[in-house]
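# Descriptive analysis of the structure
As a plain string of letters, each chain reads:
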Amino acid sequence: MAAKGFVEISVEGCKGCGLCVHHCPVKCLSLKMDDTNSFGLHYAYLSNEETCIGCANCAVICPDAAITVYRKSKAV
Amino acid sequence: MKDGYELVYKRPDTLLSKRMHYCPGCFHSTMHKIIMEVVDEMGIAEETIGVSPVGCSVFAYDYMDIDFQQAAHGRACAVATGIKRSLPDKFVFTYQGDGDLAAIGTAETIHSCNRGENFTIFFINNAIYGMTGGQMAPTTLEGQKTSTSPYGRDVKHVGHPLRMAEMVSQLPGVAYCERLVLNTPANVRKAKKSIKKAFDIQKQGLGMTFLEVVSNCPSGWKCSPVQSLDFVGENMLKYYPLGVKKDVTANSN
């Protein structure tokens, strides 16, 4: 079954504060601990694509507006 | 974008793509974002003028795609008074931190509230001077350790933290006064509604609208962004209770 939603996180826009990871209700986000962006920060990424529900909590709390959220269309 | 999916949330258009200089997890960036979301939703980007303070948010004009004026330290309310009086049809807001609004600019703030100037004040209260290295501010909590109060704030020596929202809500010129926090997605959504309401009241010309935001300062408090949320919830909100302190539109609804 395809996920209900997915997020796109800007690697360079992310500052790795972890607020999105903390507030995700289904814990589908993580910080990339084995990689950094050009600022030397561990960026957030969608680690568990199957569970994302597209609730947009991560994007609402993201201070740097680095997250774009998509949700499965109801009409289709 | 994948097929069968629709856009739910994206960065507001009026928030410029420039990377903000704020520390990771700082609520200043969140506040910039939601103000610009409201401006986008109301379609008032061409009619909005902001006044930025001195402090961490001094470069606010670099990130918002609206007209801006940078004021001398503490004088944002005085500058906004001039702008609003000469351009009464525009939406005018000041964006100030606690060092700017509650310390050096207390007189300007109190008097512009008392005169009932018809603009909006966004007051970001993080209980510390973030920009200059975490010194004690008028809003620093009792017992809180900062670089100039290494043994904790001693209220016998330096007085009690200032509750600005309660203070200005006593003034007759204030139309709307509320204290907000941005520590959870639900509270961010709530804050957005309050900002919208403030701009609506400004449009009706009812008087000063004052929104205090209980903020964090992970760098100044020397903790991680997630730990700073705990400090906000456990300590800040006890001394700075949330809620609407004054609303002149409440009875008419």
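Refer to the structure presented above.
First things first, this report covers the structure right here in the doc. Computed from a predicted structure; not experimentally measured. (Residues numbered from 1 in each chain as written. Chains lettered and ligands numbered in written order. Predicted model: local features only at pLDDT ≥ 70, side-chain atom pairs only at ≥ 80, totals over all residues. Heavy atoms only, no water.)

## Quick look at the pattern of salt bridges
Tallying each qualifying case throughout the model produces 13 salt bridges over all chains. Ionic pairing is found between Asp 64 of chain A and Lys 15 of chain A, a salt bridge with its closest N-O pair at 3.0 Å. Of this pair, Asp 64 of chain A sits in the loop between helix 2 (57–61) and strand 4 (67–72) while Lys 15 of chain A sits in the loop between strand 1 (5–9) and helix 1 (19–23), and the two are 49 residues apart along the sequence. Classification of Lys 15 of chain A by relative accessible area gives buried; the value is 5%. A salt bridge links Glu 41 of chain B to Lys 192 of chain B; the shortest N-O distance between them is 2.8 Å. Pair noted here: Glu 41 of chain B is in helix 1 (residues 27–42) and Lys 192 of chain B is in helix 7 (residues 185–204), with a separation of 151 residues, a long-range link. By relative accessible area, which is 49% here, Glu 41 of chain B ends up partly exposed. (Salt bridge = Lys/Arg side-chain N within 4 Å of Asp/Glu carboxyl O. Helix = DSSP H or I, 4+ residues; strand = E, 2+ residues; numbered from the N terminus. Buried < 20%, exposed > 50% of the residue type's maximum accessible area, 1.4 Å probe, protein only.)

## A look at the interface of chain A and chain B
Much of the literature gives interface size as the accessible area that the parts lose upon coming together. Chain A puts 35 residues into the contact, and the matching count from chain B is 32 residues. Taken together, both faces of the contact between chain A and chain B bury some 2,700 Å²; the carbon and sulfur share is 62%. One can count 0 salt bridges joining chain A with chain B. One can count 16 residue pairs in polar contact (both at pLDDT 80 or more) joining chain A with chain B. Alignment of strand 4 of chain A against strand 1 (residues 5–9) of chain B, held across 4 bridges, turns out to be antiparallel. Of the residues in strand 1 of chain B, the one forming a bridge with Val 69 of chain A is Tyr 9 of chain B. (Contact = heavy atoms within 4.5 Å. Buried area = accessible area lost by both parts, 1.4 Å probe. Polar contact = N/O pair within 3.5 Å; in protein donor to acceptor, adjacent residues only side chain to side chain. Pairing = 2+ DSSP bridges.)

## Some points on the sheet that holds strand 6 (residues 174–181) of chain B
Residues and elements named next belong to chain B. Sheet architecture is open: 7 strands sit in the order 3-2-4-5-7-6-8, paired in mixed fashion. The open sheet terminates on both sides in strands that have one partner only, identified here as strand 3 (67–70) and strand 8 (243–247). Taken over all neighbouring pairs, the strand axes of this sheet differ in orientation by 15° on average, direction set aside. Pairing geometry for strand 6 and strand 8, over 4 bridges, is antiparallel. By the bridge assignment for strand 8, Tyr 176 is matched with Asp 247. Against the sheet, helix 4 (residues 106–115) makes contact with strand 5 (120–125), strand 6 and strand 7 (208–214), and its axis sits at roughly 140° relative to strand 7, the strand it touches most. Each of strand 5, strand 6 and strand 7 touches helix 9 (residues 225–239); the most contacted strand, strand 7, lies at about 135° to it. (Axes fitted to C-alpha atoms, helices over the stretch in contact; angles between N-to-C directions.)

## A word on helix 9 of chain B
Helix length check: helix 9 of chain B, at 15 residues, gives a terminal C-alpha distance of 20 Å against a target of 21 Å (1.5 Å per residue), a fit within 8%. The axis of helix 9 of chain B is deflected most strongly, by about 35°, at Val 232 of chain B. Among the residues making up helix 9 of chain B, those that are buried are Pro 225, Ser 228, Leu 229, Val 232 and Met 236 of chain B. Where the residues of helix 9 of chain B are buried, they touch helix 1 of chain A together with helix 1, strand 5, strand 6, strand 7 and helix 8 (218–221) of chain B. (Expected span 1.5 Å × (residues − 1). Bend = angle between axes of the 7 residues up to and from the residue.)

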